[in-house]
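Now for the letters of each chain:
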Amino acid sequence: MTAIRLDGKVVSAAVAERLRERVATLPFAPKLVFVRVGEDPASAYYVRSKERMAKRVGVVSETHVLPDTASQAEVEAVVRGLNDDDEVDGILVQLPLPEGLDPQPVLDLIDPDKDVDGLHPVNVGRLWTGRPALAPATPRGLLALLDHYGVEIEGRHVVIVGRSNLVGRPAAALFQHRNATVTMAHSRTRDLAAVTRQGDIVVAAAGRARVITADMVAPGAAVLDVGMTREADGIAGDVDPAVGEVAGYLTPMPGGTGLMTVAMVIDTTVEAAVRRRARR
Ligand code: NAP
């Protein structure tokens, strides 16, 4: 690959070090609580990774594990309890919830000031209107990667493939706040290749293995691979590895955007803790 690696391992370690130093200066230890329902192995893995990162920087974390037989009311009761606990700075309900549980009412119940996944409508509204918001970690991680490697954002054309509430939409808001020109593509976009070829920066968040091929990328573009599709021989990104011969910058898979998500969720927790405790 000739593209420069946007290395999530290097940048997440830098974020962790900065956080560790910041937390050490605080008069309290921020506290993050995970809520995990059922035994989905991927969810358990993600929570463990975030717990490890929390520990590394001095954030206290705790995990509530509910059985997959838990009712909607039981899950919501846990969230209510955490909202009311003044020592809790961040609440993260790990998705997906088991079949039969509706995630939206659970997410809507989280105190917006403790909503470290940034999925509560109040935070979505704050983010889009340019007010201080808790924003989702994955798109925040994309900007942190570009900033670390000095890839300019202002004035550049960012093409985002995928419009989910978790990745594509908040990424669009964050890139606009940084004065990029943003195009959102999705499953109904006609001639996706013609659109992605216009991108100085391309965010691939469709969740379709290798959907972005080398002919779809302008020479020198920065390509950020968010997609993670489980396949028989491992996890595939949305970006075909041959893109690395055309792009100027590319995130590796694994070792790219996923590691940044873990670091940025802890970063958001520290930010949430500082803001909330300053107000009380
Ligand atoms: P999602 O809710 O399924 O959204 C996928 C989006 O991609 C939708 O907007 C969809 O369009 C669009 N899309 C699907 N197929 C497409 C195609 N062939 N061409 C163009 N657009 C297409 O998924 P998500 O939650 O955003 O996650 C996306 C991927 O990122 C998944 O693989 C997920 O595992 C991964 N992920 C990674 C991280 C990380 O830290 N790296 C974090 C979160 C998620 P429509 O809106 O028209 O349906």
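Residue positions within a chain follow its written sequence, with the count starting from 1. For a predicted model such as this one, the threshold for reporting local features is a pLDDT of at least 70, and the threshold for listing and counting side-chain atom pairs is 80 or more; totals across whole chains, interfaces and linings nevertheless cover every residue. Note that the side-chain values use all heavy atoms of the structure and ignore hydrogens as well as water.

1. A word on the pairing of strand E8 (residues 222–225)
In the case of a regular strand, side chains alternate between the two sheet surfaces.
Here is step 1 of the chain: Burial classes follow relative accessibility: with a 1.4 Å probe on protein chains only, a residue under 20% of its type's maximum area counts as buried, one over 50% as exposed, and anything between as partly exposed. To qualify as a helix, a DSSP run of H or I must reach at least 4 residues; to qualify as a strand, a run of E must reach at least 2; elements of each kind are numbered from the N terminus. Of the two faces of E8, the one lined by Ala222 and Leu224 and the one lined by Val223 and Asp225 are each fully buried.
Here is step 2 of the chain: Pairing between strand E7 (residues 201–204) and E8: four bridges, direction parallel. Looking across to E8, one finds that Val202 is bridged to Val223.
Here is step 3 of the chain: Where E8 meets strand E11 (residues 249–250), two bridges bridge the pair, whose relative direction is parallel. Within the sheet, the bridge partner assigned to Ala222 lies in E11 and is Tyr249. Strands were regarded as paired on the criterion that DSSP finds at least two bridges between them.

2. Structural notes on the site of the ligand
Here is step 1 of the chain: We call a residue near a given molecule or strand whenever any one of its heavy atoms falls within 4 Å of it. Around the ligand lies a shell of 21 residues, among which Arg163, Ser164, Ser187, Met228 and Thr261 are the nearest.
Here is step 2 of the chain: One of the side-chain N or O atoms of Thr257 is found 3.0 Å from a nitrogen atom in the ligand.
Here is step 3 of the chain: Two N or O atoms form a polar contact when they lie within 3.5 Å of each other; inside protein one atom must be a possible hydrogen donor and the other a possible acceptor, and for residues adjacent in sequence the pair counts only when both atoms belong to side chains. Thr261 has a polar side-chain atom sitting 2.6 Å from an oxygen atom of the ligand.
Here is step 4 of the chain: For the shell around the ligand, the leading source of residues is helix H9 (residues 257–279), giving three residues.
Here is step 5 of the chain: For the shell around the ligand, the class distribution of residues is nine nonpolar, ten polar and two charged. Note on residue categories: nonpolar means Ala, Val, Leu, Ile, Met, Phe, Trp, Tyr, Cys or Pro, charged means Asp, Glu, Lys or Arg, and polar means any other residue, Gly included.

3. Side note on the sheet that holds strand E2 (residues 31–37)
Here is step 1 of the chain: Read across the open sheet, the three strands follow the order E3-E2-E4; overall the sheet is parallel. Strands with a single pairing partner mark the edges of an open sheet, and in this sheet they are strand E3 (60–66) and strand E4 (90–93). Geometrically, the sheet is characterised by an average inter-axis angle of 20 degrees between neighbouring strands, direction not taken into account.
Here is step 2 of the chain: Pairing geometry for E2 and E3, over seven bridges, is parallel. Bridging across to E3, Val37 finds its partner in Leu66.
Here is step 3 of the chain: Packing against the sheet, helix H2 (residues 41–57) makes contact with E2, E3 and E4, and its axis sits at approximately 170 degrees to E2.
Here is step 4 of the chain: Against the sheet, helix H3 (residues 72–84) engages E2, E3 and E4, with an angle of about 160 degrees to E3. Whenever a helix is involved, its axis is fitted only over the stretch in contact; in every case the axis is a line through C-alpha atoms, and angles between N-to-C directions fall within 0 to 180 degrees. In what follows, residue pairs with any heavy atoms lying within 4.5 Å of each other are defined as contacts.

4. Looking at the domain arrangement of the protein
Here is step 1 of the chain: As annotated, the domain borders come from an automatic or database domain assignment. Along its sequence, the protein is organised into domain 1 (28–112) and domain 2 (136–257).
Here is step 2 of the chain: For domain 1 and domain 2, the distance between their C-alpha centres works out to 28 Å.

5. Here's the deal with the packing of H2 against H9
How two helices pack is summed up by the angle between their axes together with the distance between the axes.
Here is step 1 of the chain: Relative orientation of the contacting elements H2 and H9 amounts to 55 degrees, with a least axis distance of 9 Å. Accordingly, the angle class assigned to the pair H2 and H9 is oblique. H9 is crossed by H2, and the crossing has right-handed handedness. Across the interface between the two elements, Ser49, Lys50, Met53, Ala54 and Val57 from H2 touch Val262, Ala263, Val265 and Ile266 from H9.
Here is step 2 of the chain: Taken together, the residues of the contact of H2 with H9 sort by class into seven nonpolar, one polar and one charged. Every angle not falling under 35 degrees, over 145, or within 65 to 115 is termed oblique; those three ranges are roughly parallel, roughly antiparallel and roughly perpendicular. Less than a right angle of anticlockwise turn of the near helix away from the far helix marks a crossing as left-handed, whereas a clockwise turn marks it as right-handed.

6. Quick word on unusual backbone geometry
Here is step 1 of the chain: The step from Leu95 to Pro96 runs through a cis peptide bond, and the omega angle for that step is 0 degrees.
Here is step 2 of the chain: In this fold, Pro96 is placed in the loop between E4 and helix H4 (103–109).
Here is step 3 of the chain: Of the consecutive residues Met253 and Pro254, the connecting peptide bond is found in the cis state with omega at -5 degrees.
Here is step 4 of the chain: Within the secondary structure, Pro254 is located in the loop between E11 and H9.
Here is step 5 of the chain: Despite not being glycine, Asn179 has its phi angle at roughly 65 degrees, a positive value.
Here is step 6 of the chain: Judged by its relative accessible area of 45%, Asn179 falls in the partly exposed class.
Here is step 7 of the chain: Non-glycine residue Asp191 carries a positive phi angle of around 50 degrees.
Here is step 8 of the chain: In this structure, Asp191 sits in the loop between strand E6 (181–185) and helix H8 (192–196).

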